[in-house]
Amino acid sequence: MEVEAAKMIGAGIACIALAGAGLGIGNIFGSYLSAAMRNPSAAQKQFPNLLLGFALAEATGLFGLVVALIILFAF
Amino acid sequence: MAANPMSQFEVYSIGPKIQIGSFDLSFTNSSLFMVLTVTVISLFFIVATQKKSLVPNKMQLIAEMAFEFVSKMISETAGKDARPYFPFILSLFLFVLVANLLGMLPYSFTVTSHIIVTFALAFFIFIGVTAVGFAKHGISYLKLFVPSGVPIFLLPLIIVIEVISYLSRPVSLSVRLFANMMAGHTMLKVFGGFVVSLGILGGWLPLGFAVALTGLELLVAFIQAYVFAILTCIYLNDALNLHH
């Protein structure tokens, strides 16, 4: 296989990491909403934790994106 | 203009070339925006606290909100002992936040979209937190790597994992911020390119997306600054209050 083609395929595969990030973010917001519907008075207090979890989950997907960019541009 | 979505991250030197040894110390657009960031923060706080009154005006209110926000964040995550580090966390939070927000202006440069900038910040935090931990607890700070309640035969494995996760902190802290900013700005540029290439007929859809994404990026700019600061607080908490 040509190196250029293999790079493209590798970068594409690395972006599968975004599926996990999608799952994680959906899970976090879904759980937050269902918990907030059950106990709305406690929801405001957990909002910082929601943002923290969102950012942590999103970052894992972006690590995959960084790997893809490194494969494409750095090698 | 629509050619390459990565060209917005290009660093070029402004003004005279300064070379010391093999290091190129020229003033670049990146340094310009760092100076701009610090100037904006300083000017804002100087103006906002010019006329201090018990009933604050709008500027003073915003300054007090930023102050109180960070102060609450520290006391909730790191406790009372982290009080002396408040100025550091506040300036860290404001620097990252304002750098992110300045980067959202069209034709500007995002300082935090370069890994070397975020890694420098994260690495100094790592060194500082480790130094604080050793200064406070001495050699027993190494107990951080030995979680309590773990069976003896699992300890060799657990310690290795804990050490690796501790050492990867600066990397994950810096890559998180850098990747978020770079991915967001690249995405905006790609959608901007779609608007140009689809023209007057089909360009409206990507334009709408670009507007929505700009809103999302403003949110991300704030969230990432917040996460950067709060993770620093969590690391400080680990160093100040050993759980034993």
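Everything that follows concerns the structure shown earlier in this document.
Below you will find a few notes about this structure.

About the criteria used
- Residues numbered from 1 in each chain as written.
- Chains lettered and ligands numbered in written order.
- Predicted model: local features only at pLDDT ≥ 70, side-chain atom pairs only at ≥ 80, totals over all residues.
- Heavy atoms only, no water.
- Axes fitted to C-alpha atoms, helices over the stretch in contact; angles between N-to-C directions.
- Helix = DSSP H or I, 4+ residues; strand = E, 2+ residues; numbered from the N terminus.
- Left-handed = near helix turned anticlockwise from the far one by under 90°.
- Contact = heavy atoms within 4.5 Å.
- Nonpolar A, V, L, I, M, F, W, Y, C, P; charged D, E, K, R; others polar.
- Core = buried A, V, L, I, M, F, W, Y, C linked by side-chain atoms within 4.5 Å.
- Buried < 20%, exposed > 50% of the residue type's maximum accessible area, 1.4 Å probe, protein only.
- Buried area = accessible area lost by both parts, 1.4 Å probe.
- Salt bridge = Lys/Arg side-chain N within 4 Å of Asp/Glu carboxyl O.
- Polar contact = N/O pair within 3.5 Å; in protein donor to acceptor, adjacent residues only side chain to side chain.

Helix packing geometry: the angle between the two helix axes and the distance between the axes. Residue and element names in this part refer to chain B. Relative to each other, helix 2 (residues 58–77) and helix 7 (residues 204–240) sit at 40°, their axes nearing to 9 Å. The handedness of the crossing between helix 2 and helix 7 comes out as right-handed. Residues Phe69, Met73, Ile74 and Thr77 of helix 2 lie in contact with helix 7, whose contacting residues are Phe222, Tyr226, Ala229, Ile230, Cys233 and Asn237. When its residues are assigned to classes, the contact of helix 2 with helix 7 shows eight nonpolar, two polar and no charged.

This brings us to the nonpolar core. Within the largest apolar cluster, 46 residues are counted, with the highest numbers of intra-cluster contacts made by Val70, Met73, Ile89, Phe93 and Val129 of chain B. Elements that contribute at least two residues to this core include exactly helix 4 (47–74) of chain A together with helix 2, helix 3 (86–103), helix 4 (115–137), helix 6 (169–202) and helix 7 of chain B. Examining the composition of this core, we find that 13 residues originate from one element, helix 7 of chain B, more than from any other. Core analysis: the second largest hydrophobic core is formed by eight residues, Val66 of chain A together with Phe9, Phe178 and Met182 of chain B among them.

Attention now moves to the interface of chain B and chain A. Across the contact, 16 residues belong to chain B and 14 residues belong to chain A. Sorting the residues of chain B by area buried against chain A places Arg176, Ile223 and Tyr226 of chain B first, and these three jointly supply 31% of that buried surface. Our count for the contact surface shared by chain B and chain A stands at zero salt bridges. Inspection of the region where chain B meets chain A yields zero residue pairs in polar contact (both at pLDDT 80 or more). If you list the elements that add at least two residues to the side of chain B that touches chain A, you get helix 6 and helix 7 of chain B. Per-element tally for the side of chain B that touches chain A: the top contributor is helix 6 of chain B, with eight residues.

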